[in-house]
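Structural overview
Here is how the chains run, residue by residue.
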Amino acid sequence: MMLPDEFRPRVYLDGYPLENLLQRGIARVVMETVARSCNDIDYTIGTENPLLYEIAGVSFHSCMRDRNQAGEFSRFTRRKKVSWKLSSASSKFDVYQSAFFIPCPELEIHQIQYVYDMIPEQLPDIMGRWGYLESKRKSAAIEQADTLVCISHATRDALLAIHPHLQTRIEVVPLGGEHLCRAREPIATIVHAPYVLFVGHRHAYKNFEVVLRALASTFWPPELRLLVVGRPATIHERLLTAFYGVRARIDWTGYVSDDKLAELYNRASAFVFPSLMEGFGIPVLEAQLNFCPLVASDIPVFREVAGDGAVYFKPTDPDGLANAVIQASNNRSSLIERGSVNAQKFSWNRAATKMIDIYKASFH
C-alpha cells in the first residue's frame, strides 16, 4: 500500500546509468529496485540525456552534470561549485542517491552511494589508466557519502580492505534475478542444445580468453559450440579465435531481448561465468532461475551468490574449465535443482524492501 505523502521519503536519484549502454548491469539494479519501491518512495530521477531505459511511476528532472575541461565528472569535494541545484527541481528532497559516483550538488542532504565492486582497485594492472582514474573518482565519492550500499558481502569486504574506517556507513543489499525468469518447464522435460553460453561484457577482468583456451582444449566436449551474447566480436577477439583455432566453433548473437536470453539460458548445456572478479554477478541468478547448469570461476562472490548450485573452476585454468563443463553436463539435473533452490534466496523485491528501509532511516 502506498504510504501517505508526508511519510514518503523524497529521493533525488541521478539517472546516469539509464542514459547509456555501458552500465547495463547498473541500469538493471536501478530499474528493478526503483520500480518495486516507488509506491513507498517519492523518486525524482535527474537526467541529462535521453533515457535508454524507462521507469514508470517516477518523476524526472532535467539536469546538467558538472564536468572538467576533459569532459570528466568533477572531483568530489564539498567546496566544488556545481552547475545545477536540487532546489531547481520541483520540490525539496530528503535524500540524494548516486548510482554511478556522480557528485551531490548540495551539501546538507543525506547522500547514498551504491558500491558495486572494487575491481579497479583490486586489479590495477588489468584495468590500466581507466581503472586508476575511476578509482580516484570513486574513492572521493565513497568518502563523501553518508550511506554506502554494497551489493554483496564480498564487495563489502573489498571496500573495507581499502576504506576500513567506513564500516559503520555500509549496508549490504544483495540483488535479484527474477526479471529474466521465463522458464516454466519441469526440469526433467528441458531439452538442451549443444552449446555453452557466455553472456555480457568481455572486458579484461571478465576473463573471456580463458573460455577460448578451454574451447581449444582436448578436454572440451567436441560436440559443444560456444554461443556468445553481447556486443559483436572485436577485431582482437577474432584474431584470438583464429590463434586458438576455434573461430568456426563460436556463434556471436549480438545483443538479444530478455525473452530471447531466457530461452538461450533454458536450452544451453551450460552457462560459463569465468570472471576474475565481480561485485555480484546477476547472470548467476539468471542462469539458475532458467534451469541452466552454471559453471563459474572459484572466487568469493560466486561462492556467496551461487552457493552449491554451480561447478567451480580455477579462473586461470582452461583445462579445469573444460572439465567443469563436462561435470555440469554429467550432473545436469541435480545441478539445476540445487541452482533453482539457491536462487530463491535472492530477489529484487527483497532488495527494494531493504532500500526502502535505508531511505526511511536516512529520512528520519
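One can find the structure itself at the top, above this paragraph.
My aim in this report is to walk through the structure given alongside it, one point at a time.

About the criteria used
- For every chain, the first residue of the written sequence is number 1, and numbering continues from 1 onward in sequence order.
- Since the coordinates come from a predicted model, pLDDT governs what is reported: local features require at least 70, and pairs of side-chain atoms require 80 or more to be given and counted, while whole-chain, interface and lining totals use all residues.
- Values reported for side chains reflect all heavy atoms of the structure, with hydrogen atoms and water molecules removed beforehand.
- For the purposes of this entry, the term helix denotes a DSSP run of H or I that reaches at least four residues, the term strand denotes a run of E that reaches at least two, and both are numbered from the N terminus.
- Think of it in three bands: with a 1.4 Å probe and only protein chains considered, a residue is buried below 20% of the maximum accessible area for its type, exposed above 50%, and partly exposed in between.
- The contact definition used throughout considers only heavy atoms, calling two residues in contact when any of these lie within 4.5 Å.
- Note on pairing: DSSP must find at least two bridges between two strands before they are called paired.
- Orientation is described by axes fitted as lines to C-alpha atoms, over the contacting stretch for helices, and by angles from 0 to 180 degrees between their N-to-C directions.
- The rule is short: rings of Phe, Tyr and Trp, with Trp giving its six-membered ring, pair when the centres are within 6.5 Å, and they are stacked under 30 degrees, edge-to-face over 60, tilted in between.
- Counted as over-ring charges are cases with an Arg CZ or a Lys NZ within 6 Å of the ring centre that also lie within 35 degrees of the ring normal.
- For this document, the term salt bridge refers to a Lys or Arg side-chain nitrogen within 4 Å of an Asp or Glu carboxyl oxygen.

We now examine the environment of Leu180. Mapped onto the secondary structure, Leu180 falls in the loop between strand S7 (170-172) and strand S8 (195-199). Residue class for Leu180 comes out buried when judged on its relative accessible area of 0%. Put simply, Leu180 and Leu261 are 81 residues apart on the chain and 7.9 Å apart in space, counted from C-alpha to C-alpha. If we skip the residues at most four places from it in the chain, Leu180 touches Asp258, Leu261, Ala262, Tyr265, Glu286 and Asn290.

What follows is about the environment of Leu212. Relative to the helices and strands, Leu212 resides in helix H5 (residues 208-216). It is 9.0 Å that separates the C-alpha atoms of Leu212 and Gly245, two residues lying 33 residues apart in sequence. Those residues within four positions of Leu212 in sequence are excluded, and the remaining contacts are Leu226, Leu240, Thr241, Tyr244, Val246 and Ile250.

Let's shift gears to the sheet that holds S7. The strand order across the open sheet formed by 7 strands is S3-S2-S1-S4-S5-S6-S7, and the pairing between neighbours is parallel. At either margin of the open sheet sits one strand with a lone partner, and together these are strand S3 (59-62) and S7. Neighbouring strand axes in the sheet, compared pairwise and without regard to direction, differ in orientation by 25° on average. Looking at chain direction, strand S5 (residues 110-115) and strand S6 (residues 147-150) are connected through 4 bridges and run parallel. For Gln113, the partnering residue across the bridge sits in S6 and is Leu148. In this fold helix H1 (residues 24-37) packs onto strand S1 (10-14), strand S2 (42-47) and S5, with an angle of close to 150° to the strand it touches most, S2.

Attention shifts here to helix H7 (residues 258-267). Within an α-helix, residues lying three or four positions from one another point in the same direction, as the helix has 3.6 residues per turn. Residues Leu261, Ala262, Leu264, Tyr265 and Asn266 constitute the buried set of H7. Buried residues in H7 make contact with S8, strand S9 (225-229), strand S11 (270-273), helix H8 (282-289) and helix H11 (332-343).

All right, on to the packing of aromatic side chains then. Across all of its chains, the model carries 13 aromatic pairs by this definition. Both rings, one in Tyr12 and one in Phe93, keep their centres 5.2 Å apart while their planes meet at 80°; by these two values the pair is edge-to-face. Remark: Phe93 occurs in the loop between S3 and strand S4 (95-98) and Tyr12 occurs in strand S1; sequence separation between them is 81 residues. Look at Tyr12 and you get buried, because its relative accessible area is 0%. We classify Phe93 as buried; its relative accessible area is 8%. Linked through ring pairs, Tyr265, Phe271, Phe273 and Phe302 together constitute an aromatic cluster. In this structure, Arg24 is placed above the aromatic ring of Tyr255, and the distance from its NZ or CZ to the ring centre is 3.9 Å. Lying across the ring of Phe208, Arg202 places its NZ or CZ 5.6 Å from the centre.

Moving on to the pattern of salt bridges. Within this structure, the stated rule accounts for 15 salt bridges. For Glu121, the salt bridge identified is with Lys138, shortest N-O distance 3.2 Å. On the criterion of sequence distance, the pair formed by Glu121 in helix H2 (residues 119-122) and Lys138 in helix H3 (residues 124-144) is long-range, its members being 17 residues apart. On the basis of relative accessibility, which here comes to 21%, the residue Glu121 falls in the partly exposed class. The closest approach of N and O atoms between Lys206 and Glu278, which form a salt bridge, is 2.6 Å. Note that Lys206 is positioned in the loop between S8 and H5 and Glu278 in the loop between S11 and H8, a separation of 72 residues in sequence. According to the relative accessible area criterion, Glu278 is buried, its value standing at 11%. The network of salt bridges with common partners includes Arg28, Glu32, Arg36 and Asp258.

Everything listed here is a matter of geometry and, on its own, says nothing about what the molecule does.
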